[in-house]
Amino acid sequence: MTYWYDDVIVYGIDVKVFCDSNGDGFGDFRGLTGKLDYLTDLGIDCVWLLPFYPSPLRDNGYDVTDYCDVDPRLGTLDDFKAFMAAAKEHGIRVLIDLVANHTSSDHAWFQAARQDRESPYRDYYVWVDEPPPNTGKTPVFPGVEDSNWTYDAAADAHYWHYFYRHQPGLNHRNPKVREEFRKVMAFWLQLGVDGFRIDAAPMMIADKGTEDPFSQSRHAIVREMRAYAETINPEVVLLAEANTEPERLDEFFGSRTDADEMNMLFNFLLNVYIFLVLARGEAEQLHEFLRILPHTPENGQWLNFLRNHDELDLSRLTEAEREDVLAAFAPDPAMRAYDRGIRRRLAPMLNGDRRRMELAFSLLFSTPGTPLLMWGDEIGMGDDLSLEERESVRTPMQWSRDSNGGFSSAPAAKLFRPVIDKGDFGYQRVNVAAQQSDSQSFWHWMRRLMRCTHQLPELNHGEIDLIRADDSSVLVHASTWEGKTTITIHNLSAEPCRVHCHFEGYDLSQFEDVFDDQPYERVEGSVIELHGYGYRWLRSPAPQSD
Ligand code: MG
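Computed from a predicted structure; not experimentally measured.

Trainee: Can you help me understand the overall build of the protein chain in this one?
Mentor: If you tally the helices and strands in the protein chain, you get 15 helices and 21 strands. Rg of the C-alpha trace for the protein chain: 23 Å, near the compact-globule value of 24 Å for 546 residues, within the 12% margin. Structurally, the protein chain occupies a C-alpha span of about 80 × 55 × 50 Å along its principal axes. Residues classed as buried in the protein chain amount to 62% of the 546 residues present. Carbon and sulfur atoms provide 46% of the accessible area of the protein chain, an area that totals close to 20,700 Å².

Here it is in structure tokens:
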């Protein structure tokens, strides 16, 4: 059996920086709706919308004040409905962010909770009169917040938060909180969304305020959400943001037998191992990771990505590995975030080197799982390190050479977030219109990559077979499904090579090149030729029918 989310390419969009239709400086749903033709043409068939709910925007919308509405700066509910109808017409699935771990401190629930100990909303959050010793030492943004407990004078008590102090953590042990989120899911599912990205999933289900606040003992909360959502849409997807230890990587899928929790998980480990091998020019760690990558349940899938809207989190690497990645991609401390990561987009990390950008995306699209791009990845957008924390990678989409990169007709000072307007990645140089008119551009390359991927279902459905190569810079793997095999070969090094590969069981003379960095001679025998940072995708012919 196959599932719709196995065969899509997902594109992450922050509506407020994508396209502004009314010139108020905020991207909006009408603007996004007008870009659906663009997304279809590019090859996108699923979008993930970052939070668009009413919010004071102290954390880019991950601080919600009303879960069943649209922030008025981004449009109205009717605009959202019109967007959904148009997305369906375009064959584009829609995932939305569900920020259930915490609310904004401005949310009416929290305001009621803090002002009255007897309020029914008091127990929506986690309060203590005095923080117990050995708790409160795990803030997610060290250097910005130094404790998980914050004292509230109106409440005369301390409340728990993993993230910023303006994001009080919700108490999901309270059945009323879980009931609230069932209502929220029902509301959006009835408007036609195809699923939810569950923000901060490990924190959502953890025992907040305890000595081990990441104990993740309450997976029943996820099972309950999934079972409920399926009563409304049997094809619903729950996608977890769960950046956990390698040995617990797959537990959010649910148990082996039941697979009744999340359908998709962001593949945070693949993410860091790709950057590690790009930094070192050696394939070994990625080969080893793919060897141990847990099999997904039949109805489960990885969502693979290079960069997202947050920092590139290197905390799962060893110190030596982390140092190598930082030295390669974030030599300046201003490029780093929270002592664990990098706050840059991909293209500037790779110095805009087209060969390495192609190599990185070729690796991403050929490894098992559904690929994710973020807005602007398809043109190699840059970052703005003058912005705070992770804002650096959340700059507006660069559509054209028009003012504000075509994102908005508002005066630049009125933009929600500035457009990158100088340097190698300024909109004057990097924009959609320019790349669309140049058949050799990165945009056209990305479009070809997506078209090719859509014709190779074995990449997402198939079993992966790692093939040994007699060169430590080269990664070779095969994916086979329903009689078709695609073998992909990547050279992580800047040096060209001729490498002997152990293709036992595959007759390469029958394979055709379907995607590569430059034309190559047809493969004869087991020696493969690759340019520096080169890649080749080879596909077997259709099986002979008897
Ligand atoms: Mg607007």
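Trainee: So what exactly am I meant to see when it comes to the side chain of histidine 309 here?
Mentor: Position of histidine 309 among the secondary structure elements: in the loop between strand 10 (301-304) and strand 11 (312-313). A distance of 3.1 Å separates a polar atom in the side chain of histidine 309 from a polar atom in the side chain of tyrosine 62. Setting aside its immediate chain neighbours within four residues, histidine 309 contacts Trp48, Leu50, Tyr62, Arg197, Met374, Arg390, Val393 and Arg394.

Trainee: For this particular structure, what's the right way to read the coordination of the magnesium ion?
Mentor: Reference values for angles at a metal are 109.5 degrees in the four-donor tetrahedral case and 90 or 180 degrees in the six-donor octahedral case. Bound to the magnesium ion on the protein side are Asp20 (OD), Asn22 (OD1), Asp24 (OD), Phe26 (O) and Asp28 (OD), at distances that span 2.2 to 2.3 Å. In primary-sequence terms, the residues that donate to the magnesium ion follow D-x1-N-x1-D-x1-F-x1-D. Classification of aspartate 20 by relative accessible area gives buried; the value is 8%. By relative accessible area, asparagine 22 is classed as exposed at 52%.

Trainee: Explain the nonpolar core to me, please; I cannot follow it from the model alone.
Mentor: In a soluble, globular protein the nonpolar side chains are often hidden away together inside. If you look at the biggest cluster of nonpolar residues, it comprises 149 residues, and the most contacted ones within it are Tyr11, Leu49, Phe83 and Phe361. When residues in this core are grouped by element, the largest group, 10 residues, is from helix 8 (residues 268-280). Discounting chain neighbours no more than four positions away, the residues touching leucine 49 are Ile13, Val15, Phe29, Leu32, Phe80, Phe83, Val94, Leu95, Ile96 and Asp97. Membership of the second largest hydrophobic core comes to 18 residues, among which are Val476, Ile487, Leu508 and Ile528.

Trainee: How do you make sense of the pairing of strand 8 (residues 237-240) when you look at a structure like this?
Mentor: In the case of a regular strand, side chains alternate between the two sheet surfaces. Side-chain alternation along strand 8 places Val237 and Leu239 on one buried face and Leu238 and Ala240 on a second face that is also buried. With 4 bridges connecting them, strand 7 (residues 195-198) and strand 8 associate as parallel partners. Bridging across to strand 8, glycine 195 finds its partner in valine 237. Here 2 bridges tie strand 8 to strand 9 (residues 264-266), and the two strands are oriented parallel to one another. For leucine 239, the partnering residue across the bridge sits in strand 9 and is methionine 264.

Trainee: I tried to follow the state of the cysteines on my own but got confused; where do I start?
Mentor: All told, the structure shown has 0 disulfides when counted by the stated rule. In this structure cysteine 452 is a free cysteine whose sulfur lies 19 Å from that of cysteine 501, the closest cysteine sulfur available. Look at cysteine 452 and you get buried, because its relative accessible area is 9%.

Trainee: Help me understand the sheet that holds strand 10, please; the structure alone is not making it clear to me.
Mentor: Strand pairing in a sheet relies on backbone hydrogen bonds, with the paired strands running either antiparallel or parallel. Pairing within the closed barrel is parallel, and its 8 strands lie in the order 1-2-3-7-8-9-10-14. If you compare each strand with its neighbour and ignore which way they point, the axes differ by 25° on average. Relative to strand 14 (residues 370-374), strand 10 runs parallel, the two being bridged by 2 bridges. Bridging from a neighbouring strand, leucine 303 pairs with threonine 370 of strand 14.

Trainee: What is the right way to read unusual backbone geometry from this model?
Mentor: Peptide bonds are, in most cases, trans, and in most cases residues other than glycine have a negative phi. Positive phi outside glycine occurs at asparagine 134, with the angle close to 65°. Locating asparagine 134 in the fold gives a position in the loop between strand 4 (127-128) and strand 5 (149-152). Positioned with a positive phi, asparagine 404 is a non-glycine residue whose angle comes to about 55°.

Trainee: Is there a simple way to think about the pairing of strand 21 (residues 535-539) in this case?
Mentor: Within strand 21, 5 of the 5 residues are buried, leaving the element largely enclosed by the surrounding structure. Side-chain alternation along strand 21 places Tyr535, Trp537 and Arg539 on one buried face and Arg536 and Leu538 on a second face that is also buried.

Trainee: Would you take a moment to explain the pattern of salt bridges for this structure?
Mentor: When the charged atoms of two side chains with opposite charge come close together, those side chains can pair. Inspection of every chain in the model, using the stated rule, returns 39 salt bridges. Note that arginine 451 is salt-bridged to aspartate 41, the shortest N-O span being 3.9 Å. Highlighted residues: arginine 451 in helix 14 (residues 442-454) and aspartate 41 in helix 2 (residues 36-42), separated in sequence by 410 residues. The class for arginine 451 is partly exposed, based on a relative accessible area of 40%. With a closest N to O distance of 2.9 Å, arginine 114 and aspartate 152 form a salt bridge. Of this pair, arginine 114 sits in helix 4 (residues 108-115) while aspartate 152 sits in strand 5, and the two are 38 residues apart along the sequence. Each member of the pair, arginine 114 as well as aspartate 152, is classed as buried. Counted as one network, the salt bridges with shared partners bring together Asp59, Asp310, Arg390, Glu391, Arg394 and Arg417.

Trainee: What exactly am I supposed to notice about the environment of glutamate 482 here?
Mentor: Within the fold, glutamate 482 resides in the loop between strand 16 (474-481) and strand 17 (484-491). Residues glutamate 482 and glycine 462 lie 20 residues apart in sequence; the distance between their C-alpha atoms is 8.2 Å.

Cut-offs used in this document
- Residues numbered from 1 in each chain as written.
- Predicted model: local features only at pLDDT ≥ 70, side-chain atom pairs only at ≥ 80, totals over all residues.
- Heavy atoms only, no water.
- Helix = DSSP H or I, 4+ residues; strand = E, 2+ residues; numbered from the N terminus.
- Rg over C-alpha atoms; globule rule 2.2 N^0.38 Å.
- Buried < 20%, exposed > 50% of the residue type's maximum accessible area, 1.4 Å probe, protein only.
- Areas by Shrake-Rupley, 256 points an atom, 1.4 Å probe, with all protein chains shown as cover.
- Polar contact = N/O pair within 3.5 Å; in protein donor to acceptor, adjacent residues only side chain to side chain.
- Contact = heavy atoms within 4.5 Å.
- Donors = N, O, S within 2.8 Å, 3.2 Å for Na, K, Ca; no water.
- Core = buried A, V, L, I, M, F, W, Y, C linked by side-chain atoms within 4.5 Å.
- Pairing = 2+ DSSP bridges.
- Disulfide = S-S within 2.5 Å.
- Axes fitted to C-alpha atoms, helices over the stretch in contact; angles between N-to-C directions.
- Salt bridge = Lys/Arg side-chain N within 4 Å of Asp/Glu carboxyl O.

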